[in-house]
Amino acid sequence: MILAAGSLFAQPADKAPVYTPTEQVIVDGIKSLRDTPDTERGAKTTTLALEIRTLPIAPNKLRLAVGLTHLSTEGDFGHQALQTVADTLTQTLIEQPQPAAKEGDPAPPYIDLAKLVRYEHVTTTLETPQYIKAVAALAANEVSIEKADFTLKDLQGKEWTLSALRGKVVLVNFWATWCPPCRKEMPDLDTIARKYADQSVVVLSISDEDAAKVNAYVVQHNLTYPILLDPERKTNVAFHIEGIPQSFVFNREGKLVAQSIDMRTMGQFQQMLAAADVK
């Protein structure tokens, strides 16, 4: 997942982390994950998670565990790899409990772990108050998202209103041209839009970028399904988007039945659609 804040390891200049040689090897491994073939990425992710687990208790250990978590969900690299990542993040939070964020909200690492459990179907032994609040926050977001509506224009100027699509299955996707995982999944989204059109499936991808930049990308990559523009980011806010890509599936009654926290493969998108009875 690409976070709105930018690089996984970015810090203010006066707070840049200093890594030990052992930690730096792990940093380099995490940064090279996107260049790793998909067939090897699950094994590499598992190895990195286990290496992080053996580090001494220190702030960098949590920083690395979180960084790996954000990259572990970019596709389908095996359930066991995700479970190993979740176990490492769990262990690190037990070792280094984090203070609550502003207004008592859960610190981000607890949200990251709760997302892994809720949306990637792994498990955790963590039962601290902040983790419990993180789980509750995700559930509340889902209620809010199900009530959200939008009217946005596509690149041709046509307006699309989510509530007007009741009776259809709607896959809403948030993306950007600069986001590598977003770009990787878009051909599959285009295929899905065409393959399931006869089952009244509508795919809508939403970008907050400049129309000319988005249109140039769409033309270059021959994408045929609707790409909507959200220049004021109101829809991004309504859907609680903090990182991209993210996708949501609404069934024919408008109920939110599936969502992802990162890039999905064709098979994973089909599993999401199956929650809306699309075969």
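Quick caveat, the model's predicted, so the values are computed rather than measured.

Draft legend 1. Local environment of the overall build of the chain. Along the backbone of the chain there are 10 helices and 9 strands. Radius of gyration (C-alpha) of the chain: 19 Å, near the 19 Å computed for a compact globule of 279 residues. The buried share among the 279 residues of the chain stands at 50%. Within the chain, counting contacts between residues at least 6 apart in sequence, those at least 24 apart form 67% of the total. Accessible surface, the chain as shown: approximately 13100 Å² in total, 55% of it carbon and sulfur. Of the side chains in the chain, 28 bear a positive and 34 a negative charge, and the two mean positions are spaced by 2 Å.

Draft legend 2. The state of the cysteines, seen in detail. Throughout the structure, instances matching the rule amount to 1 disulfide. Put simply, Cys179 and Cys182 are joined by a disulfide, and their sulfur atoms are 2.4 Å apart. Torsion about the S-S bond of the Cys179 and Cys182 cystine: about 75°, corresponding to right-handed handedness. Since its relative accessible area comes to 0%, Cys179 is described here as buried. The class for Cys182 is buried, based on a relative accessible area of 0%.

Draft legend 3. Focus on the nonpolar core. Membership of the largest hydrophobic core comes to 49 residues, with the highest contact counts inside it found for Phe150, Val172, Phe239 and Leu273. For this core, the secondary structure elements donating two or more residues are β4 (169-174), α7 (180-195), β5 (201-207), α8 (211-220), β6 (227-229), β8 (246-250), β9 (256-260) and α10 (266-274). The residues touching Phe239, leaving out its near neighbours within four places in the chain, are Ile145, Ala148, Phe150, Leu162, Val172, Phe174, Phe248 and Phe250. If you look at the next biggest cluster of nonpolar residues, it comprises 34 residues, including Ile26, Ile111, Val122 and Ala134.

About the cut-offs
- Residues numbered from 1 in each chain as written.
- Predicted model: local features only at pLDDT ≥ 70, side-chain atom pairs only at ≥ 80, totals over all residues.
- Heavy atoms only, no water.
- Helix = DSSP H or I, 4+ residues; strand = E, 2+ residues; numbered from the N terminus.
- Rg over C-alpha atoms; globule rule 2.2 N^0.38 Å.
- Buried < 20%, exposed > 50% of the residue type's maximum accessible area, 1.4 Å probe, protein only.
- Contact = heavy atoms within 4.5 Å.
- Areas by Shrake-Rupley, 256 points an atom, 1.4 Å probe, with all protein chains shown as cover.
- Lys, Arg positive; Asp, Glu negative; His and termini not counted.
- Charge placed at Lys NZ, Arg CZ, Asp CG, Glu CD.
- Disulfide = S-S within 2.5 Å.
- Core = buried A, V, L, I, M, F, W, Y, C linked by side-chain atoms within 4.5 Å.

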